[in-house]
Amino acid sequence: MPLPPKSLVFVICLLPLAWLVGLAAGNALGPDPGQSLVLFLGLWALYFLLLALAVSPLCQWLRLPALLRYRRMLGLYSFFYASLHLLAVATYLVGWDWVLLTAELRERPYMLAGFAAWLSMLPLVATSNNYMVRKLGRRWAKLQRLVYVATAAALIHVLWQIRSDFGEVLLYTALAVGLMFWRLLRFRRSR
Amino acid sequence: MLIRQPPDIAGSEITSESIYLRRREFVTGAAAAVAAGALGLPAQARAGLTPLSFQPAAPAQAAQGFYNGEPKTPFEDVARYNNFYEFGTDKGDPARYADSLTTDPWSVTVEGEVARPGQYPLEALLSWFDLEERIYRLRCVEAWSMVVPWVGFPLAKLLERLQPTSKARYVEFTTLYRPAEMRGQRSAFSTIDWPYVEGLRMDEAMHPLSLMAVGLYGKVLPNQNGAPIRLVVPWKYGFKSIKSVVKIRLLENRPRTTWERIAPREYGFFANVNPEVDHPRWSQKTERRLPSSLFRPNRIKTQLFNGYAEQVASLYSGMDLRRHF
């Protein structure tokens, strides 16, 4: 089965952003558009992170090892949406008010968890080009484990903010735990 | 010897004929709203909710806090951006799903430390009072706010009519529990122990600012805004202003409210708007006045008691507002 070219996947991954821009331009983000923007971007950062984590298991289950070539792009897109999310938080929720920001970070640790998730993706992004992959070799593979830190931090960030209904977030958490569990099993079998 | 019995009902309480004759207007209004909902008309179409007759708020009432000259949040925004977890936790869920709610027939059960307990049909409650408009700020604990023109009657008038006993120190309110029509109550992962319960201290309930609202923007309440009857307490965070009330209990002891039960560290019984006391999830120093836009976020400073300090601060004199948040 021929897989779509990377360029097509690249464009598809931009569709959520295009959708968001469309909503914003059409004044369809509701009476609190800043907040909607923040939520939308944060959710898509999480979706792409889960998608990137799902690539390896899918390769095995579908017997399609070629899927692996999309993994890096999905990871980078997660970082892309997470960065936009961070910018939106700074602009709309904190208003670039540094005093307010430090107060928020001190008093609302879920923000720190989110920031930690973003930070732990930075080394992965910095070493995502072919040159770095080759140069780091086995150490590069080890470094990739940071993605588990990022996922855990991102889920903590989301779980911490729930006011009363865990339904949706439990689904994401279950997915992430399932994907981690699969890796754990594989790791133990390979030993 | 002739002992004259005082009449059971004071003359001042007797409903005037003009109001009595108007009692059906509200009922037909509510029925029309329900019919529109049943037909699945979109929210925009239902903006044609039945008009109410009421005394409009006037600038002269600003000193009492009944009137607010700030720009009002448009009806469309008030009616599509709601926290009403009975219909889902997304702000758009109530507008999307509240059409399923049947608001006619509706009655309010009155229990506890009160001389006149009973189950009162909504029409009865409405026949007792003239409706008046109140333009209030509404400040949500999530750090957004609106300015809303409500229509209703003072809670104090209702309580006077029901005659709380001398033991009554608190008023407890309960929202309808009807999972068949309220999809949020069917959620398996919700931590809320339905039905939703809120409460006020007696002096808070008797304060002239405390309103039982049955309409907004001059028309009957849209379902998502707490139809057919809700509480509005403008100096407290929005979650105190309980929606779709079916029960009022007069109590000797302080009731445990829903949010207090879920997260006592985050939500206090008083929940007075206070920029100095932060909620663990949101700074309360500023708020986004809605509608905001991407280029004009409309962040403003939050005021103590939501700007009603002049009217209500005396209720809390001598109280440590940090401890009794």
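Residues numbered from 1 in each chain as written. Chains lettered and ligands numbered in written order. Predicted model: local features only at pLDDT ≥ 70, side-chain atom pairs only at ≥ 80, totals over all residues. Heavy atoms only, no water.

(A) Inspection of the interface of chain A and chain B at higher detail. Each partner contributes to the interface: chain A provides 26 residues, whereas chain B provides 31 residues. With both sides pooled, the region where chain A packs onto chain B buries about 2,400 Å², and carbon together with sulfur makes up 51% of that total. Here chain A and chain B share 1 salt bridge between them. Elements with a minimum of two residues in the side of chain A that touches chain B: helix H3 (33-61), helix H4 (71-93), helix H5 (98-107) and helix H10 (167-189) of chain A. (Contact = heavy atoms within 4.5 Å. Buried area = accessible area lost by both parts, 1.4 Å probe. Salt bridge = Lys/Arg side-chain N within 4 Å of Asp/Glu carboxyl O. Helix = DSSP H or I, 4+ residues; strand = E, 2+ residues; numbered from the N terminus.)

(B) How the structure looks around the sheet that holds strand E5 (residues 170-175) of chain B. Residue and element names in this part refer to chain B. Within the open sheet, the 5 strands sit side by side as E2-E1-E10-E5-E6. Their pairing is mixed. Edge positions in the sheet fall to strand E2 (118-121) and strand E6 (197-201), since each has one partner strand and no second. Each neighbouring strand pair of the sheet contributes to a mean axis angle of 20°, computed without reference to strand direction. Bridge count between E5 and strand E10 (residues 245-251): 6 bridges; the pairing is antiparallel. From the neighbouring strand, Glu172 faces E10, where its bridge partner is Arg249. (Pairing = 2+ DSSP bridges. Axes fitted to C-alpha atoms, helices over the stretch in contact; angles between N-to-C directions.)

(C) Here's a closer look at the environment of A:Pro123. Residue and element names in this part refer to chain A. Within the secondary structure, Pro123 sits in helix H6 (residues 109-126). You can call Pro123 partly exposed: its relative accessible area is 30%. Contacts of Pro123, omitting those with residues within four sequence positions, involve Leu143 and Leu146. (Buried < 20%, exposed > 50% of the residue type's maximum accessible area, 1.4 Å probe, protein only.)

(D) Up close: the environment of A:Leu23. Secondary-structure assignment places A:Leu23 in helix H2 (residues 15-25). Measuring from C-alpha to C-alpha, the distance between A:Leu23 and A:Leu37 comes to 9.6 Å, with 14 residues separating the pair along the chain.

(E) Main features of the pattern of salt bridges. All names here are of chain B. If you walk through the whole model with that rule in mind, you get 17 salt bridges over all chains. Between Asp193 and Arg261 there is a salt bridge, with the nearest N and O atoms lying 3.6 Å from each other. Of this pair, Asp193 sits in the loop between E5 and E6 while Arg261 sits in helix H8 (residues 258-262), and the two are 68 residues apart along the sequence. Owing to a relative accessible area of 32%, Arg261 belongs among the partly exposed residues under this scheme. Between Glu204 and Lys236 there is a salt bridge whose closest N-O contact spans 2.8 Å. Highlighted residues: Glu204 in helix H7 (residues 202-205) and Lys236 in the loop between strand E9 (230-232) and E10, separated in sequence by 32 residues. The class of Glu204 is buried, set by a relative accessible area of 0%. On the basis of relative accessibility, which here comes to 1%, the residue Lys236 falls in the buried class. If you follow the salt bridges from partner to partner, you end up with Glu70, Arg137, Arg139, Glu287 and Arg289 in one network.

(F) Structural context of the packing of H3(A) against H4(A). Residue and element names in this part refer to chain A. Between H3 and H4, whose axes approach to 8 Å, the crossing angle comes to 160°. Classified by the angle their axes make, H3 and H4 are roughly antiparallel. Classified by chirality, the crossing of H4 by H3 is left-handed. (Parallel < 35°, antiparallel > 145°, perpendicular 65-115°, else oblique. Left-handed = near helix turned anticlockwise from the far one by under 90°.)

(G) Molecular detail of the pairing of strand E3 (residues 132-139) of chain B. All names here are of chain B. The buried fraction of E3 amounts to 8 of the 8 residues, a majority that puts the element mostly inside the structure. Of the two faces of E3, both are covered, the one formed by Glu132, Arg134, Tyr136 and Leu138 as well as the one formed by Glu133, Ile135, Arg137 and Arg139. In this sheet, strand E4 (residues 144-154) lies alongside E3 in antiparallel orientation, the contact comprising 8 bridges. Residue pairing across strands places Arg139 opposite Ser145, the latter belonging to E4. Taking the residues that link successive antiparallel strands as the turn, the E3-E4 hairpin has 4 residues, and the phi of Ala143 there is positive, at about 75°.

Functional significance is not addressed by these values, which are geometric in nature.
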